[in-house]
Amino acid sequence: QVQLVESGGGLVQPGGSLRLSCKASGIIFSIYTMGWYRQAPGKQRELVASITGLGYTYADSVKGRFTISRDSAKNTVYLQMNSLKPEDTAVYYCHAVLRDEYFGQGTQVTVSS
C-alpha cells in the first residue's frame, strides 16, 4: 500500500519560512519523480516543484524562494519555502509519479500577519 505522509505545514507571517516533509512508503522511492502540488481555495491544483534524478522543475511563482530536495535513505522529499507570501497560502500535497501517480493527504500552509 502506497502512503505519502506530509508534515511541516502551519501558520507563518509574510517573509517567513517553512519546511515541508513527505515520507513515502510502498514505492521504490529512488525511481519515482517526487514533487509538491498546492491548491488554494477556489483554484485548481498546481505543480509547485518536482525533482527527478536529472533535475528540478519549479513554478515561476516560487523560483528563487522554494527549494525541493530528496533523501533516498529516508524515503523523504522536502520543500523548503522562504520569503513566503500571502498568495502561497494553500493546501500542499506531496506527489509521486512513475507509470502511476499518488498524492498525499495534504498539509495546510497559511501565510498571514
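Model, not experiment: these values are computed from the prediction.

S.K.: Outline the sheet that holds strand β7 (residues 66-71), supporting the account with residue identities and numerical values.
M.R.: Across the sheet, which stays open at both edges, the four strands sit in the order β1-β3-β8-β7 with antiparallel pairing between neighbours. One side of each edge strand has no neighbouring strand; the edge strands of this open sheet are β1 (3-7) and β7. Averaged over all pairs of adjacent strands, the angle between their axes in this sheet comes to 15 degrees, without regard to strand direction. One ladder, built from six bridges, connects strand β3 (residues 18-25) with strand β8 (residues 76-81); its direction is antiparallel. Bridging from a neighbouring strand, Leu-18 pairs with Met-81 of β8.

S.K.: Quick one: what's the story with the pairing of β8, residue by residue and with numbers?
M.R.: Among the six residues that make up β8, five are buried, leaving the element largely enclosed by the rest of the structure. Bridging between β7 and β8 involves six bridges; their strand directions are antiparallel. Note that in β8 the partner of Ile-68 across the bridge is Leu-79. What sits between the antiparallel neighbours β7 and β8 is a turn of four residues, in which Asn-75 has the positive phi angle 50 degrees.

S.K.: Run through the nonpolar core, naming residues and quoting values.
M.R.: Ranked by internal contacts, the top residues of the largest apolar core, which has 28 residues, are Met-34, Trp-36, Val-77, Leu-79, Met-81 and Tyr-92. Within the residue set of this core, elements represented by two or more residues are β3, β4 (33-39), β5 (46-51), β7, β8, β9 (90-97) and β11 (107-111). What Val-77 contacts, discounting residues up to four positions off in sequence, is Leu-20, Ser-21, Cys-22, Phe-29, Met-34, Trp-36, Ile-51, Ile-68, Ser-69, Arg-70 and Cys-94.

S.K.: So what's going on with the state of the cysteines? Residues and values would help.
M.R.: Taken as a whole and judged by the stated rule, the model has one disulfide. Between Cys-22 and Cys-94 runs a disulfide, and the two sulfur atoms are separated by 2.1 Å. Across the disulfide from Cys-22 to Cys-94, rotation about the S-S bond amounts to roughly -85 degrees, and the bridge is consequently left-handed. Here Cys-22 is found in strand β3, whereas its partner Cys-94 is found in strand β9, with 72 residues between them in sequence. On the accessibility criterion, Cys-22 (0% relative accessible area) is buried. When its relative accessible area of 0% is taken as the criterion, Cys-94 is described as buried.

S.K.: Please set out unusual backbone geometry residue by residue, giving values where relevant.
M.R.: Of note in the backbone geometry, Asn-75 takes a positive phi value of approximately 50 degrees without being a glycine. With respect to the helices and strands, the residue Asn-75 is situated in the loop between β7 and β8. For Ser-83, which is not glycine, the phi torsion reads 50 degrees and is therefore positive. If you trace the backbone, Ser-83 turns up in the loop between β8 and β9.

S.K.: Go over the pattern of salt bridges with me, naming the residues and quoting the values.
M.R.: The final tally for this structure, using the stated rule, is four salt bridges. Note that Glu-46 is salt-bridged to Arg-38, the shortest N-O span being 2.7 Å.

S.K.: If you had to explain the packing of aromatic side chains to someone new, which residues and values would you point to?
M.R.: In this structure the tally under the stated criterion is two aromatic pairs. Between Tyr-37 and Phe-103, the aromatic rings sit 5.4 Å apart at their centres with planes inclined by 75 degrees, giving edge-to-face as the arrangement. One end of the pair, Tyr-37, is in strand β4; the other, Phe-103, is in strand β10 (residues 101-103), with 66 residues separating them in the sequence. Residue classification places Phe-103 among the partly exposed residues on the basis of a relative accessible area of 34%.

About the thresholds
Residues numbered from 1 in each chain as written. Predicted model: local features only at pLDDT ≥ 70, side-chain atom pairs only at ≥ 80, totals over all residues. Heavy atoms only, no water. Pairing = 2+ DSSP bridges. Helix = DSSP H or I, 4+ residues; strand = E, 2+ residues; numbered from the N terminus. Axes fitted to C-alpha atoms, helices over the stretch in contact; angles between N-to-C directions. Buried < 20%, exposed > 50% of the residue type's maximum accessible area, 1.4 Å probe, protein only. Core = buried A, V, L, I, M, F, W, Y, C linked by side-chain atoms within 4.5 Å. Contact = heavy atoms within 4.5 Å. Disulfide = S-S within 2.5 Å. Salt bridge = Lys/Arg side-chain N within 4 Å of Asp/Glu carboxyl O. Phe/Tyr/Trp six-rings, centres within 6.5 Å; stacked < 30°, edge-to-face > 60°.

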